[in-house]
Amino acid sequence: MKVLKIVPEKCTGCLRCELACSYMQTGTFQPAKSVIRVSPYEGHTSYAPYTCTQCVEGWCMTACPVGAITITPVGAKDVVDDRCVGCKLCTIACPYGTIFYDPDTRKAFKCNLCGGAPACAEACPTAAIVYEAVETCDWLGEFANERSMRLLAVGGR
Amino acid sequence: MPPRHLVVGAGTAGLNCIRTIREEDGGASEITLVAAERPYSRMVLPYYLDRSIAESHVFTATAATLAAWKVKTYIGRKAASLNPQANTLALDDGRTIEYDDCLIATGSRAVKAPVPGADSPGIHSFWTLDQAREVIGGIKPGSHVVMVGAGFIAFTILNSILSLDAKLTIVEIAPRILPRMVDDTGAALVEAWLRKHGVRILTGATLTRIEVARGKRRLKFKKGSDLLADLVIMATGIKPNLEWLQGSGIRMDHGILVDDHLRSSVPSVYAAGDVAEGKDGVTGGHVVHAIEPTAMEHGRVVGANMAGRDVAYRGSLNMNIVEVCRLDVASFGAWDDPRAEAFAGHRPERSAYRKLCWSGDRLTGAIIIGQAGDIWTTNDVGMLKGLVQTGVRLGAWKEHLRRNPFDVKPAFIASRTTARLLPETILGRPSCAPELPTTVTP
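Residues numbered from 1 in each chain as written. Chains lettered and ligands numbered in written order. Predicted model: local features only at pLDDT ≥ 70, side-chain atom pairs only at ≥ 80, totals over all residues.

Here we look at the overall build of chain A
Stated formally: For helices the rule is a DSSP run of H or I covering at least 4 residues; for strands it is a run of E covering at least 2, with both sets numbered from the N terminus onward. The globule rule used here is 2.2 Å times the number of residues to the 0.38 power, and the radius of gyration it is set against is calculated over C-alpha atoms. Around each residue's C-beta, the other C-beta atoms within 10 Å are counted; 20 or more make the residue buried, 12 or fewer make it exposed, and counts in between make it partly exposed. All C-beta atoms are placed from the backbone.
Tallying secondary structure elements over chain A gives six helices and eight strands in all. The helix and strand sequence of chain A, counted from the amino end, reads β-α-β-β-α-β-β-α-β-β-α-β-α-α. Scaling as 2.2 N^0.38, a compact globule of 157 residues should have a C-alpha radius of gyration of about 15 Å, and chain A matches this with 16 Å. Along the longest, intermediate and shortest principal axes, the C-alpha atoms of chain A span 45 × 30 × 30 Å. Here chain A holds 157 residues, and the buried ones make up 50% of them.

Take a look at the structure:
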């Protein structure tokens, strides 16, 4: 299956992915409701986006008491809005922190790969987010670890 | 002869077991389901109470679905006794069912505070669908609802009661609210938030009796003045349904003691969910985690093992989340371990609170409280679960989190928690979508 491959070294922190994602998911430019989220590293000298890996366990999906999370034709785990009651069990079951709750709609929401044409990958000007048929992996761990030394050494942000 | 599986209980554990058997065997075995009630999800009853869903939404497996999964059903029947030597179960109507292996998933029931008058009309529990229907019928706009008990179950229906324009008073015998979900500081924060949102809370209040007077319920206390209520909900605890197993020889303590394959002391008898006392994945001890995620994981592991797989369960993780008036409250793992090293962060002006509990440089428990508008713009709820679940070593990040317990994300990512999590599965294979078992071959 195709996944969102993240190449953190290429991220410039422009946040276009967050804008594109929130626009695609909610119809408004609202980064707070984006399901891909950019974090700063090394005192804002580098950045990387973080989103759902579409993990094989699907912790959110198995946790749902009413079967409201399913697998779409492109292999994404997605919330079926008219089944979701907003109980948030999925948000404590997901160990990655990539399923959220929208207090306005009272539903859970997450990355659904935009049905096979992810807006974040399309919007990224530096190809830091690529939609590709590769094995999903921990795209950010090494990058973040290398860029944490200064933060941890000085004992501040 | 195909194996004969017997599932007793159609709650989360029982249905996940059946679903998993069918995912594994495609319909090759015989499954019999005994259930006192038609299958529905208790988790969603609060949303039925506030009318945001129709009653039909609560049902988890219809008669047609169970037929498609090739399940023989005894719905509306209770298990009366188990004979593990003969591999038979007796029903309450005298019939006997033979099995090769059996899952006990009879769940728990609500218990009322033992005071005179607790069983009179207008004094409700909110646990089963029937009880939910009674409460729904009883609350009118302007009603004064008194909730006895300030635990998790009470709090799951708090928003619903307020949304029906009822006036709510919570009375709690303990000196504080949410005793088994958050610590004292967290409880004080939630209590202050609720008072600000018009909920009256009386802690340290010992209910002594309830009288019916002119269509109202009068609650009397050891100290203080009486309360007059239109409707009383007793959210005073739950108890596992185990009495019917007395004399079966199955080993029980707080629940049925199970091994890492969820087998009881009798290998052909499994237990799952609220009746099972199984491994805690954080402490390694044996415990009853009467929560939905444990029932689900237990049920899936039992289903796979019944279908012939050899699946060991890593242990359950204590966790809960509840929202009251747009304040989210969640806790994970051993957040209440008095021996654990712990540090906390408190931002009273945002009603935000974090507590992190440690064993060395591994997170063993966490509490997170915050307004919906703060919490869901972060990845922190799930990330705290991931850190407790994996027990990943956080090294120097521990000191960072001591300085700033709110800065979870960089610690999670840089500690390569994702790499640890990606290969983890409950059943040793990818999970199936909820629709899949309907494709069982007839």
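From this point, things continue past the structure.
Concerning the overall build of chain B
Put simply, the rule reads: Here, residues touch in the contact sense if the C-beta positions derived from the backbone fall within 7 Å of one another.
Helices and strands together make up the secondary structure of chain B, namely 13 helices and 26 strands. Over its C-alpha trace chain B gives a radius of gyration of 23 Å, about what one expects of a compact globule, namely 22 Å for 442 residues. In terms of its C-alpha atoms, chain B occupies a principal-axis envelope of roughly 65 × 65 × 40 Å. Across chain B, contacts joining residues at least 24 apart in sequence account for 65% of those joining residues at least 6 apart.

A few points about the domain arrangement of chain B
Here is the rule: An automatic or database domain assignment is the source of the domain bounds shown.
Domains assigned within chain B are domain 1 (4-109 + 240-316), domain 2 (123-236) and domain 3 (326-420). Put simply, the middle of domain 1 of chain B and the middle of domain 3 of chain B, counted by C-alpha atoms, are 33 Å apart.

As for the interface of chain B and chain A
Put simply, the rule reads: Under this grouping Gly is polar, as are all residues other than the nonpolar Ala, Val, Leu, Ile, Met, Phe, Trp, Tyr, Cys and Pro and the charged Asp, Glu, Lys and Arg.
Residue-level contacts link 48 residues of chain B with 44 residues of chain A. Examining the composition of the side of chain B that touches chain A, we find that seven residues originate from one element, helix α10 (residues 380-390) of chain B, more than from any other. Here the residues of the side of chain B that touches chain A sort into 24 nonpolar, 14 polar and 10 charged.

Considering the sheet that holds strand β14 (residues 216-221) of chain B
All names here are of chain B. The cut-off we apply is this: Should DSSP find at least two bridges between two strands, the strands are regarded as paired. Angular values range over 0 to 180 degrees, each being the angle between N-to-C directions of two axes fitted as lines to C-alpha atoms, with helices fitted over their stretch in contact.
One open sheet holds the three strands; their spatial order is β13-β14-β15, and the pairing between them is antiparallel. Where the open sheet ends on each side, the last strands, each with one partner, are β13 (207-213) and β15 (227-229). Strand-to-strand, the axes of this sheet are offset by a mean angle of 25 degrees, without reference to chain direction.

What to know about the pairing of strand β25 (residues 352-359) of chain B
All names here are of chain B. Note that strand β24 (residues 341-347) and β25 share seven bridges and pair antiparallel. Bridge pairing in β25 links alanine 342 to cysteine 357. Taking the residues that link successive antiparallel strands as the turn, the β24-β25 hairpin has four residues, and the phi of serine 351 there is positive, at about 50 degrees. From the end of β25 to the start of strand β26 (residues 362-371), which pair antiparallel, there are two residues, and glycine 360 there has a positive phi angle of about 60 degrees.

Side note on the sheet that holds strand β20 (residues 276-279) of chain B
Residue and element names in this part refer to chain B. Taken in spatial order, the three strands make up an open sheet running β18-β20-β21, and their pairing is mixed. At either end of the open sheet lies a strand with only one pairing partner, and these are β18 (256-257) and β21 (286-287). Note: β18 against β20, two bridges, orientation parallel. Along β20, the bridge assignment pairs leucine 257 with glutamate 277.

What about the packing of helix α1 (residues 12-25) of chain B against helix α8 (residues 292-306) of chain B?
Residue and element names in this part refer to chain B. As a reminder, the rule being used: For any helix crossing, the convention is left-handed if the near helix is rotated counterclockwise from the far helix by under a right angle, and right-handed if that rotation is clockwise.
Packing of α1 against α8 leaves a shortest axis separation of 7 Å and a crossing angle of 35 degrees. As for the relative orientation of α1 and α8, their crossing is right-handed in sense. Between α1 and α8, the contacting residues are Thr12, Ala13, Gly14, Leu15, Asn16, Cys17, Ile18, Arg19, Thr20, Ile21 and Glu24 on the first element and Glu292, Ala295, Met296, His298, Gly299, Arg300, Val302, Gly303, Ala304 and Met306 on the second. Tallied by class, the residues present in the contact of α1 with α8 amount to 10 nonpolar, seven polar and four charged.

A short note on unusual backbone geometry
Not every positive phi belongs to a glycine, and histidine 44 of chain A is a case in point at roughly 65 degrees. Looking at where histidine 44 of chain A falls in the secondary structure, it is placed in the loop between β2 (37-41) and β3 (46-50). At lysine 70 of chain B, a residue that is not glycine, the phi angle is positive and equals roughly 60 degrees. The residue lysine 70 of chain B is located in the loop between α3 (63-68) and β3 (71-75) in this model.

Here we look at the environment of proline 31 of chain A
All names here are of chain A. Inspection of the secondary structure assignment puts proline 31 in the loop between α1 (16-26) and β2. Proline 31 gets classed as partly exposed once you count the C-beta atoms within 10 Å, which come to 15. Sequence-wise, proline 31 and arginine 16 are 15 residues apart; in three dimensions their C-alpha atoms are separated by 9.3 Å. When residues no more than four places from it in sequence are discounted, the contact partners of proline 31 are Leu15, Glu18, Leu19 and Ser22.

Comments concerning the confidence of the model for chain B
As a reminder of what qualifies: Scored from 0 to 100, pLDDT records how confident the predictor is in each individual residue.
Across chain B, pLDDT averages 96, with 98% of residues at or above 70. Interface confidence for the predicted complex, given as ipTM, is 0.97, next to a pTM of 0.96.

Some points on α1 of chain B
Residues and elements named next belong to chain B. Rules: The span you would expect from a helix comes to 1.5 Å times its residue count less one.
Relative to the 20 Å expected for 14 residues at 1.5 Å per residue, α1 spans 20 Å between its end C-alpha atoms, a close match to the ideal helical length. For α1, the tally of buried residues reaches 14 of 14 residues, placing the bulk of the element in the interior. Within two residues after α1, glycine 26 carries a phi angle of roughly 60 degrees, on the positive side.

What to know about α10 of chain B
All names here are of chain B. Most of α10 is tucked away: 11 of the 11 residues are buried. By the burial criterion, the buried members of α10 are Asp380, Val381, Gly382, Met383, Leu384, Lys385, Gly386, Leu387, Val388, Gln389 and Thr390. Trailing α10 by a residue or two, glycine 391 shows a phi angle of about 60 degrees, which is positive.

Considering the environment of glycine 273 of chain B
Residue and element names in this part refer to chain B. Note on placement: glycine 273 falls in the loop between β19 (269-271) and β20. Residues glycine 273 and isoleucine 233, 40 residues apart in the sequence, show an inter-C-alpha distance of 25 Å. Setting aside residues no more than four positions away along its own chain, glycine 273 makes contact with Gly11, Thr12, Ala13, Ala105, Gly107, Thr294, Ala295, His298 and Gly299.

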